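Working through the structure, step by step
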Amino acid sequence: MKFLGIDQFNEREKAIYLDNGATTMIDPKVLKVMTPYLTTEYGNPASVHILGKKASIALEDARTTIAKSIGAKRSEIFFTSGGTESNNWALKSIAFNNMDKGKHIITTKIEHDCILNSCKWLKGLGMGFEITYLNVDKEGFIDVEELNEAIRKDTILVSIIHGNNEIGTIQEIGEIGKLCRDNNVYFHTDACQSYTKTNIDVRKQNIDLMTLNAHKIHGPKGVGALYIRKGANIKPWQHGGGQERGMRSGTVNVSGVVGFAEAVKIGMDEKHIQYMKRLRNKLINGLLEIPDTQLNGPAIDKNKRGDWRLCNNVNIRFKNVNNETLGNILNIERVCTSAGSACSARSSKPSHVLKAIGLTDADIKNSIRLTLSRFNTNEEIDKVLEIMPGIIKKIRKGSFLDKFASYVSR
Ligand SMILES: Cc1ncc(COP(=O)(O)O)c(C=O)c1O
């Protein structure tokens, strides 16, 4: 997707940031607790002197916070550079360490690219790995019965995204976890988008491995974690100085990890979830008043399952409105949105997630994602709802084309 120059962006007032599924603003409180570890308390946690000791205490405190937040033990949390690394580690390590049991992996058609591409890579090795991609229904839910039928004697791993990054579908991981445990198959879930926005308990939900990251929850970029249940057959990911109990060598990003834990402490508050939900519902209901508009992903009210949509996700399509044109006009209006996930936003490839829920290529081209955070305000949503009907109307009439073309040609 083509985007307008940043130069126009800095000229005027603050943007309305509705792309929190791509990344979030760092919470100033998070930055504050990180700063000492970038300045005065810069020791290496592996060092035995006073600065090293301080860093190591901070690192272990952060580990405790993250472990508690998901019902895990401290020794089951391993820090990484983010969601991509944790997902790669989980999939590839389980695959290589459990070949004696089998080489079959089950995942879904709506995973993040780092899962899909890891699966593709494993299959491409020619070592016999086989991947089953589960279908999803039109709201993005897998069918647990289909999963049950897909599990074979040689299945070693089921990897299913918890909260979908594009359409916000939250899978029933408790039910999936139980099925996997009953069948003696490892269950991994990518919880980057759902962490702190849903209840996660790795024991109650029978989760063996879980991917987390910081930058989706107002923490710093480049930090994440992999939860590995004690006893899971997984081997070291990076070899070197033996950090992270020998499982992931490399000097740990102490300031990042401290910021990650602070972001979790602040984020795990039900009032933030309820606040984002109110904004989300207001935005969805307001946008649905525009003629020929449809919500992509789970319904927010009349869904028989209850509310199984991420509290910050809106993905919507406006008939005959090209998402690239709409995104660019909104950008000019200082509203940051996305046509899909951040990773696919810069490619013209139609979203695999929207395809999986049955949308046509035309529907996909008409779809836009708006993702909220606790830092968005009611006034911002009012502003978006005020300008959208006019923009949509003009795009449908084709009367924005001149204005748009003049911006793109700058
Ligand atoms: C669901 C999901 N998994 C994984 C990732 C990758 O995480 P990171 O950017 O920390 O590598 C993202 C971020 O785009 C995501 O949304």
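The structure displayed is predicted, hence computed values, not measured ones.

1. With respect to the side chain of N97
Take N97: it is sitting in helix α4 (residues 83-97). Residue class for N97 comes out buried when judged on its relative accessible area of 16%. Beyond its immediate sequence surroundings of up to four residues, N97 is in contact with N233, I234 and K235.

2. Re the packing of aromatic side chains
Taken as a whole and assessed by the stated rule, the structure comprises 5 aromatic pairs. Aromatic side chains F96 and W121 sit 6.3 Å apart centroid to centroid with 85° between the ring planes, which places their arrangement in the edge-to-face category. Linking F96 in helix α4 with W121 in helix α5 (residues 113-124), this pair joins segments that are 25 residues apart in sequence. Feature note: the residues F78, W89 and W237 constitute an aromatic cluster, connected by ring pairs.

3. Observations concerning the confidence of the model for the protein chain
Put simply, the protein chain has an average pLDDT of 93, and 91% of its residues get 70 or more. Ignoring residues within four places in sequence, the model shows residues 1-9, a span with pLDDT below 50, making 26 contacts including any to other chains.

4. With respect to the domain arrangement of the protein chain
Split into domains, the protein chain comes out as domain 1 (6-21 + 270-408) and domain 2 (28-267). For domain 1 and domain 2, the distance between their C-alpha centroids amounts to 29 Å. For the pair domain 1 and domain 2, the summed buried area comes to about 2700 Å², and 56% of that belongs to carbon and sulfur atoms. At the junction of domain 1 and domain 2, the tally comes to 0 salt bridges. Applying the counting criterion to the domain 1 and domain 2 interface returns 12 residue pairs in polar contact (both at pLDDT 80 or more). Those elements that provide at least two residues to the side of domain 1 that touches domain 2 are α9 (270-287), β10 (313-318), α11 (342-345) and α12 (352-356). Sorting elements by how many residues they give to the side of domain 1 that touches domain 2 places α12 first, with 4 residues. Tallied by class, residues from the side of domain 1 that touches domain 2 come to 13 nonpolar, 15 polar and 4 charged.

5. Quick notes on the pattern of salt bridges
Counted according to the given criterion, the structure contains 22 salt bridges. Of the charged contacts in the structure, one is a salt bridge between D19 and R369, with a shortest N-O distance of 3.2 Å. Of this pair, D19 sits in the loop between β1 (16-17) and α2 (28-38) while R369 sits in strand β12 (residues 367-371), placing them 350 residues apart in sequence. Under the relative-accessibility criterion, D19 is labelled buried at 14%. R280 is the partner of D307 in a salt bridge, and the nearest nitrogen-oxygen pair spans 2.6 Å. Here R280 lies in helix α9 and D307 lies in the loop between β9 (293-295) and β10, a separation of 27 residues in the sequence. On the basis of relative accessibility, which here comes to 0%, the residue R280 falls in the buried class. When salt bridges that share partners are traced, they join E60, R63, R74 and E244 into one network.

6. A word on unusual backbone geometry
The phi dihedral of E244 falls on the positive side, at around 50°, and the residue is not glycine. Within the element layout of this structure, E244 appears in the loop between β8 (224-228) and α8 (254-267). Residue R334 is not a glycine yet carries a positive backbone phi of 70°. According to the relative accessible area criterion, R334 is buried, its value standing at 3%.

7. Considering the environment of H49
Relative to the helices and strands, H49 resides in the loop between α2 and α3 (50-69). Looking at H49, the relative accessible area reads 43%, which means it is partly exposed. Sequence separation of H49 and L283 is 234 residues, and the distance between their C-alpha atoms is 53 Å.

8. Looking at the sheet that holds strand β2 (residues 77-80)
Across the sheet, which stays open at both edges, the 7 strands sit in the order β2-β8-β7-β6-β5-β3-β4 with mixed pairing between neighbours. Each having just a single partner strand, β2 and β4 (130-134) make up the two edges of the open sheet. Across this sheet, the average inter-strand angle for adjacent strands is 20°, counted without regard to direction. Here strand β3 (residues 104-108) pairs with strand β5 (residues 155-159) via 3 bridges, running parallel. Note on β5: the bridge partner recorded for I106 is V158. Running over the sheet, α3 touches β2 and β7 (209-213) and is turned about 115° from β2.

Cut-off values and rules
Residues numbered from 1 in each chain as written. Predicted model: local features only at pLDDT ≥ 70, side-chain atom pairs only at ≥ 80, totals over all residues. Heavy atoms only, no water. Helix = DSSP H or I, 4+ residues; strand = E, 2+ residues; numbered from the N terminus. Buried < 20%, exposed > 50% of the residue type's maximum accessible area, 1.4 Å probe, protein only. Contact = heavy atoms within 4.5 Å. Phe/Tyr/Trp six-rings, centres within 6.5 Å; stacked < 30°, edge-to-face > 60°. pLDDT = per-residue confidence, 0-100. Domains from an automatic or database assignment. Buried area = accessible area lost by both parts, 1.4 Å probe. Salt bridge = Lys/Arg side-chain N within 4 Å of Asp/Glu carboxyl O. Polar contact = N/O pair within 3.5 Å; in protein donor to acceptor, adjacent residues only side chain to side chain. Nonpolar A, V, L, I, M, F, W, Y, C, P; charged D, E, K, R; others polar. Pairing = 2+ DSSP bridges. Axes fitted to C-alpha atoms, helices over the stretch in contact; angles between N-to-C directions.

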